[in-house]
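Chain by chain, the residues run as shown.
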Amino acid sequence: MMGRQVAQGALFYGFQLDDHVPAGHLLRRIDGLLDFGFVREALAASYSTSGRPSIDPELMLRMLLIGYLFGIRSERRLCEEVHLNLAYRWFCRLDLADRVPDHSTFSKNRHGRFRACDLHRLLFEQVVARCAAAGLVAGRDLAVDGSTIMADASREKRLKGADAADELRAGESISRPVAEYLAALDAALPPNPDEPVSVDPTSISPTDPQAALTCKHGPARYAYAINPLLDLDTDCILDVEATPARFAAEVAATRTLVSRAGIRLGIEPASLSADKAYGSGPLLGWLIDRNITPYIPVIDRTRQRDAFFTRDAFRYDREVDAYRCPADKLLGYCGTNRTKQVRVYRSRPADCAACELKPQCTIGPKRGVTRLVNEEARDTVRALAGTDAYVHARRRRQRIERVFGHLKRNLGLRTLKLRGLVGAAEEFTMAAAAYNLQLLARQAAPA
């Protein structure tokens, strides 16, 4: 006889959410690893002891974390999923009869109280501290790289870089991302004479002015770069930094990441691996000064001259700080170009006038050769290339590409939903925290 399922409402239910969340569920494993007590401490000054109770900030942070753990990018959809999913309700400490906060609540708190105390950075640091306690922070061999994440800005709307600030200030209303951009311009520090001069962007988005126009993945799009500092022994993200999608900004972020990891985690790495975009003389010299071996290919443009002798034909004499040309004549030091970060050496016109090799060397009255300020650091790194340690480190560096793949494919971090550099930093920090929690959960209780 065929049965028929008929729904009959019961008067009483004996139902416990805890009984319906499997022991091996990711959220159950994470719940036992992370303490959210820091939330109330960080936000204590933002709430009154009297009046109507507000929505628990811990509940909102738990919901946001679920969104990043399971790639739920829309906050409206996140609220729907928490309302329907029993495991999500259990992790958020919501009973069956409890209402889920409205999606608009997240925007009000995210741009207010949460951002004021940098709550997302505090969460990330709590996760990294828990990883360190579990032995997932070796801190010896590190890697850094940048990957572009598209901004929430149309590439069709552009302002000329030179006139953008004035046009944005003249607008009838100023959005939050524009206000942050203008505030950053007003607070900008004077240029450091020891650093290369930054180039102003040719175009700026009126929607998200801090995003950079990039052609890295096809047609030009406004984007930010996520820059993680990865522990190559454990695949744990030790720190993360958000920058506009420009190579110069990504390289500068490396110093911030390494320095901050040393201050907050007490890490003194032995090596740092990166791709060729990071092989500039200033960064290599900065790493070597801190006893960090850079396994990074050196950026070298000395051979980009076909008609005449390249710089390789000139021998540097360290004792007299001068170069010797193929005819064994001295090219003396005559000054430093701070803009290009090079020391300039030139020959004497009399030596060049009587030289038989002049047609192969120069068409001017004298020949000049430049030497980067950090050329010694570059020579040190060149000597590492080809060694077993260098080859091994270059192979291990590819592990960071898997991290980018996981963040984009599994956590849905392909396009940002928040605007501005602060919004990008918040999203990258939360995604990195979710990644580390998944890593920690697998290590603590393999599925």
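This is a predicted model, so every value here is computed, not measured. (Residues numbered from 1 in each chain as written. Predicted model: local features only at pLDDT ≥ 70, side-chain atom pairs only at ≥ 80, totals over all residues. Heavy atoms only, no water.)

**With respect to the overall build of the protein chain**
At step 1: For the protein chain, the count of helices and strands is 16 helices and 14 strands.
At step 2: Across its three principal directions, the C-alpha atoms of the protein chain cover 110 × 55 × 55 Å.
At step 3: Taken across its 447 residues, the protein chain has 46% of its residues classed as buried.
At step 4: Within the protein chain, counting contacts between residues at least 6 apart in sequence, those at least 24 apart form 68% of the total.
At step 5: Split by element, the accessible area of the protein chain, about 23700 Å² in all, is 51% carbon and sulfur. (Helix = DSSP H or I, 4+ residues; strand = E, 2+ residues; numbered from the N terminus. Buried < 20%, exposed > 50% of the residue type's maximum accessible area, 1.4 Å probe, protein only. Contact = heavy atoms within 4.5 Å. Areas by Shrake-Rupley, 256 points an atom, 1.4 Å probe, with all protein chains shown as cover.)

**Let's talk about helix H11 (residues 281–289)**
At step 1: Along H11, seven of the nine residues are buried, which leaves the element largely enclosed by surrounding structure.
At step 2: Buried residues along H11 sit against helix H10 (247–265), strand E8 (271–273), strand E9 (293–295) and helix H13 (375–384).
At step 3: Phi for Asn291, located one or two positions after H11, is positive at around 60 degrees.

**Quick notes on the side chain of Thr148**
At step 1: Within the secondary structure, Thr148 sits in strand E2 (residues 147–150).
At step 2: For Thr148, a relative accessible area of 6% translates into the label buried.
At step 3: The contacts of Thr148, once residues within four sequence positions are left out, are Lys216, His217, Ala223, Tyr224, Ala225, Ala245 and Lys408.

**Topic: the sheet that holds strand E13 (residues 342–346)**
At step 1: Strands sit in the order E10-E11-E12-E13-E14 across an open sheet of five strands; the sheet is antiparallel. Of all strands in the sheet, those bounded by a partner on one side alone are strand E10 (315–317) and strand E14 (368–372). If you compare each strand with its neighbour and ignore which way they point, the axes differ by 35 degrees on average.
At step 2: Across five bridges, the pairing between strand E12 (residues 330–337) and E13 is antiparallel. (Pairing = 2+ DSSP bridges. Axes fitted to C-alpha atoms, helices over the stretch in contact; angles between N-to-C directions.)

**Some words on the pattern of salt bridges**
At step 1: Scanning the entire structure with this criterion turns up 33 salt bridges.
At step 2: Measuring nitrogen to oxygen at the nearest pair gives 2.9 Å for the salt bridge that ties Asp31 to Arg93. Highlighted residues: Asp31 in helix H1 (residues 26–31) and Arg93 in the loop between helix H5 (86–91) and helix H6 (104–116), separated in sequence by 62 residues.
At step 3: Across the pair Asp317 and Arg324 runs a salt bridge, and its minimum N-O distance is 3.9 Å.
At step 4: A cluster of three or more residues bridged by salt bridges with shared partners is formed by Glu75, Arg110, Arg115, Glu180, Lys417 and Glu426. (Salt bridge = Lys/Arg side-chain N within 4 Å of Asp/Glu carboxyl O.)

**Concerning the packing of helix H3 (residues 57–69) against helix H4 (residues 75–84)**
At step 1: It is the contact of H3 with H4, at a shortest axis distance of 10 Å, that shows an interaxial angle of 105 degrees. Between H3 and H4, the angle is such that the two are roughly perpendicular. Judged by residue contacts, Met63, Leu64, Ile66 and Gly67 of H3 engage Glu75, Leu78, Cys79 and Val82 from H4.
At step 2: Considered class by class, the residues forming the contact of H3 with H4 number six nonpolar, one polar and one charged. (Parallel < 35°, antiparallel > 145°, perpendicular 65-115°, else oblique. Nonpolar A, V, L, I, M, F, W, Y, C, P; charged D, E, K, R; others polar.)

**Some details on the packing of aromatic side chains**
At step 1: Counted by the stated rule, this structure contains eight aromatic pairs.
At step 2: Look at Tyr323 and Tyr345: their rings are 5.2 Å apart centre to centre, the planes differ by 80 degrees, and that puts the pair in the edge-to-face class. Here Tyr323, found in strand E11 (residues 322–324), pairs with Tyr345, found in strand E13; they are 22 residues apart in sequence, far enough to count as distant. Grouping residues by exposure puts Tyr323 and Tyr345 together as buried.
At step 3: Feature note: the residues Tyr316, Tyr323, Tyr333 and Tyr345 constitute an aromatic cluster, connected by ring pairs.
At step 4: Taking the ring centre of Phe91 as reference, the NZ or CZ of Arg62 above it sits at 4.9 Å.
At step 5: Just above the ring of Tyr316 sits the side chain of Arg371; from NZ or CZ to the centre is 3.8 Å. (Phe/Tyr/Trp six-rings, centres within 6.5 Å; stacked < 30°, edge-to-face > 60°. Lys NZ or Arg CZ within 6 Å of the ring centre and 35° of its normal.)

**Quick look at the packing of H3 against helix H16 (residues 420–444)**
At step 1: At a minimum axis separation of 9 Å, H3 and H16 run at an interaxial angle of 75 degrees. Comparing the axis directions of H3 and H16 gives the class roughly perpendicular. Two secondary-structure elements touch here, H3 through Leu61, Leu64, Leu65, Tyr68 and Leu69 and H16 through Glu427, Met430, Ala431, Ala434, Leu437 and Gln438.
At step 2: A per-class count over the contact of H3 with H16 returns nine nonpolar, one polar and one charged.

**As for the state of the cysteines**
At step 1: Per the stated rule, a full pass over the model turns up zero disulfides.
At step 2: Here Cys131 is not disulfide-linked; the sulfur of Cys236 is the nearest cysteine sulfur, at 4.0 Å.
At step 3: Here Cys325 stays free of any disulfide, with the sulfur of Cys355 as its closest cysteine sulfur at 5.8 Å. (Disulfide = S-S within 2.5 Å.)

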